[in-house]
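Topology and contacts: notes
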Amino acid sequence: MPNRKGARNAYYFFVREKLPELRRLGLPVARVPDAIPHCSRDWALLTEDEKKKYAEMAHKWRAENSTQASVKQPPSQISPVPAPLPKQIQRSASLPDTTSLSWKNDQAVLGNIFYFLNIYSHGELPSPCEQRFLPCEIGCVRYSLQDGITADFHRFVDPGEVPRGFRFHCQAASDATHKIPISGFELSNAGRPVVLCELYSFVRPNCGRWPPVYCKSDDWHRVNWCLNWMAKEAGTENQLELLSVENLVVELYQRKLRKEPSKTWVRNLLDVFMWDYSSNTRCKWHEENDILFCALASCKKTAYCISNTLASVYGVSLTTAHLPLQDYDSSNNINPKMVVLDAGRFQKLRAQNPGCNRYFSSPVQKQDAASSAGEHPSGVTSPCRTSTMRGRGITRLLESVSRLSKSSSN
């Protein structure tokens, strides 16, 4: 029987070395192909010198198997170039009619419609299971650089029956992320074929062609699998071409600035916490239950990041469709890594009661205000002066006990 073992590149040996670590973390990785989606980011962060170790391992393996490999395939296919993204993403992203070659000028870029998609699942089942994911929530937004987010799509999906023996596994994965119940959830009343049909209606074909949809590279394997599985249950083929949003951002930068940013920088750009608590970002159920992981929110935050970064590059005026307005107005210099704790509610509170700012001022500001009011002579400071701010918690308790003891002694 001929040897059907495929060629192994440097990335293969890197993933194989990471298998024990991933298993200690509790990930269901029985073989190297199972671990490939979990190692792409770590591979991208390695330097060229660090990758040489794995390249030498691949070269040694090819030398030992060169006779058999040369019979099976041409030499040009023996050593494929390792890449952190799945091969289908790279093949799709290189199609000439999906990226810059279809944009005649900057105005065409600004008016181009992009769809950002994400599908959440009750964890990932191990490879022996035919069904690797249980899709439970789907979110998608329609976006352009010129108009921002113009429409959004969100549905909870009936995950169906959980495979026997994996109920605890699926429940633990849900509790750690989106917290959607795996059974008895009244909002998950739509079957997968129905939701896929509604998604197709939302992502309308353009001149007879289906527009590509984008997701993060770390989510690509899960989203692509769920789309194909839902299409199989609906008795049709998956019509949506799923591309990497990182490649899209690189393309947008390269077209305007003639410089290509690194994939690591783009991933860090899209991995932000700034809009986690912003209003009108999460779906109603996740907002009411104060849960951060939401499929719709992940799509909107991708659009927010692109608007916040590329608006100045393409000369676009930001609106509430590009960014949550209260977050943009609060500071002209936004730090994408900053955590904003419900900026919307704070802005409303400040508008209703201008005096509420005193609750958010610092002790230094209060001391400066007291000095300007005449508590200290001009030019005289009091470094040992204690703060006049009221304490919280234990301080209030001690003060109340002290007052009670004095009143009882009197």
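Source: prediction; values computed, not measured.

Another aspect to go through is the overall build of the chain. Of regular secondary structure, the chain possesses 17 helices and five strands. Taking the contacts inside the chain whose residues are at least 6 apart along the sequence as the reference set, 69% of them involve residues at least 24 apart. Carbon together with sulfur atoms contributes 53% to the accessible area of the chain, which is approximately 23,400 Å² in total.

Turning next to the pattern of salt bridges. Inspection of the entire model under this criterion finds 14 salt bridges. Put simply, Lys300 and Asp152 hold a salt bridge, and the shortest N to O gap is 4.0 Å. Pair noted here: Lys300 is in helix α13 (residues 295-314) and Asp152 is in strand β3 (residues 148-156), with a separation of 148 residues, a long-range link. We classify Lys300 as buried; its relative accessible area is 5%. The partner of Glu287 in a salt bridge is Arg282, with the nearest N and O atoms 3.2 Å apart. Since its relative accessible area comes to 7%, Arg282 is described here as buried. Where salt bridges share partners, they join Lys18, Glu21 and Asp42 into one cluster.

Two strands in a sheet stick together by hydrogen bonds in their backbones, pointing the same way (parallel) or opposite ways (antiparallel). In spatial order, the strands read β3-β2-β1-β4-β5; together these five strands make up an open sheet with mixed pairing. Taken across any chain shown, the strands that pair with only one partner, and hence form the sheet edges, are β3 and β5 (242-244). Along the sheet, successive strands turn relative to each other by an average axial angle of 30°, direction set aside. Summarising the sheet, strand β2 (residues 133-144) and β3 pair through eight bridges and their orientation is antiparallel. From the neighbouring strand, Arg142 faces β3, where its bridge partner is Ala151. Packing of helix α7 (residues 167-176) onto the sheet brings it into contact with β1 (114-124) and β2, and relative to β1 it is tilted by some 135°. Each of β1, β2 and β3 is contacted by helix α8 (residues 192-202), which is oriented at about 170° to β3, the strand it contacts most.

Further remarks concern the nonpolar core. By size, the foremost hydrophobic cluster in this structure holds 45 residues, and its most contacted members are Phe116, Tyr143, Leu145, Ile306, Leu310 and Tyr314. Per-element accounting of this core gives the leading share, 12 residues, to α13. Formed by 28 residues, the second largest nonpolar core is a distinct cluster that contains Ile138, Phe153, Trp220 and Leu227.

So, about helix α9 (residues 217-233). Its 17 residues place the ends of α9 25 Å apart at the C-alpha level, agreeing with the 24 Å of an ideal helix rising 1.5 Å per residue. Among the 17 residues of α9, 12 are classified as buried, and the element is accordingly described as predominantly covered. Where α9 is concerned, the buried positions are Ser217, Asp219, Trp220, Arg222, Val223, Asn224, Trp225, Cys226, Leu227, Trp229, Met230 and Ala231. With its phi angle positive at about 75°, Gly235 sits one or two positions after the end of α9.

A word on the confidence of the model for the chain. Reading predicted coordinates in detail is not appropriate for stretches of low pLDDT. Of all residues in the chain, 69% attain a pLDDT of 70 or more, and the chain-wide mean is 75. Taken together, the stretch residues 69-101 has pLDDT below 50 and engages in 52 contacts with residues farther than four places along the chain or on a different chain.

Another aspect to go through is unusual backbone geometry. Even without glycine at this site, Arg258 takes up a positive phi of about 60°. Residue position: Arg258 is located in the loop between α10 (245-257) and α11 (263-270). With relative accessibility at 66%, the residue Arg258 sits in the exposed group. Here the phi dihedral of Asn280 falls at roughly 60°; this positive angle occurs in a residue that is not glycine.

Glancing now at the packing of α10 against α13. As a packed pair, α10 and α13 sit with axes 11 Å apart at the nearest point and diverge in direction by 5°. On the basis of their axis angle, the class for α10 and α13 is roughly parallel. Packed against α10, whose contacting residues are Val245, Val249, Leu252, Tyr253, Arg255, Lys256 and Leu257, the element α13 presents Thr302, Ile306, Thr309, Leu310, Val313 and Tyr314 at the interface. Looking at the contact of α10 with α13, its residues break down into nine nonpolar, two polar and two charged.

This brings us to the side chain of Glu246. With respect to the element layout, Glu246 can be found in helix α10. Despite being buried, Glu246 has no salt bridge partner; Arg267 is the closest side chain of opposite charge, sitting 4.3 Å away. At a separation of 3.1 Å, a polar atom in the side chain of Glu246 contacts the main-chain amide nitrogen of Ser217. Only 2.9 Å separates the side chain of Glu246 from the side chain of Ser244, close enough to count as a polar contact. Once residues lying within four places of it in the same chain are set aside, the contact partners of Glu246 are Cys215, Lys216, Ser217, Val266, Arg267 and Leu270.

Rules used throughout
- Residues numbered from 1 in each chain as written.
- Predicted model: local features only at pLDDT ≥ 70, side-chain atom pairs only at ≥ 80, totals over all residues.
- Heavy atoms only, no water.
- Helix = DSSP H or I, 4+ residues; strand = E, 2+ residues; numbered from the N terminus.
- Contact = heavy atoms within 4.5 Å.
- Areas by Shrake-Rupley, 256 points an atom, 1.4 Å probe, with all protein chains shown as cover.
- Salt bridge = Lys/Arg side-chain N within 4 Å of Asp/Glu carboxyl O.
- Buried < 20%, exposed > 50% of the residue type's maximum accessible area, 1.4 Å probe, protein only.
- Pairing = 2+ DSSP bridges.
- Axes fitted to C-alpha atoms, helices over the stretch in contact; angles between N-to-C directions.
- Core = buried A, V, L, I, M, F, W, Y, C linked by side-chain atoms within 4.5 Å.
- Expected span 1.5 Å × (residues − 1).
- pLDDT = per-residue confidence, 0-100.
- Parallel < 35°, antiparallel > 145°, perpendicular 65-115°, else oblique.
- Nonpolar A, V, L, I, M, F, W, Y, C, P; charged D, E, K, R; others polar.
- Lys, Arg positive; Asp, Glu negative; His and termini not counted.
- Polar contact = N/O pair within 3.5 Å; in protein donor to acceptor, adjacent residues only side chain to side chain.

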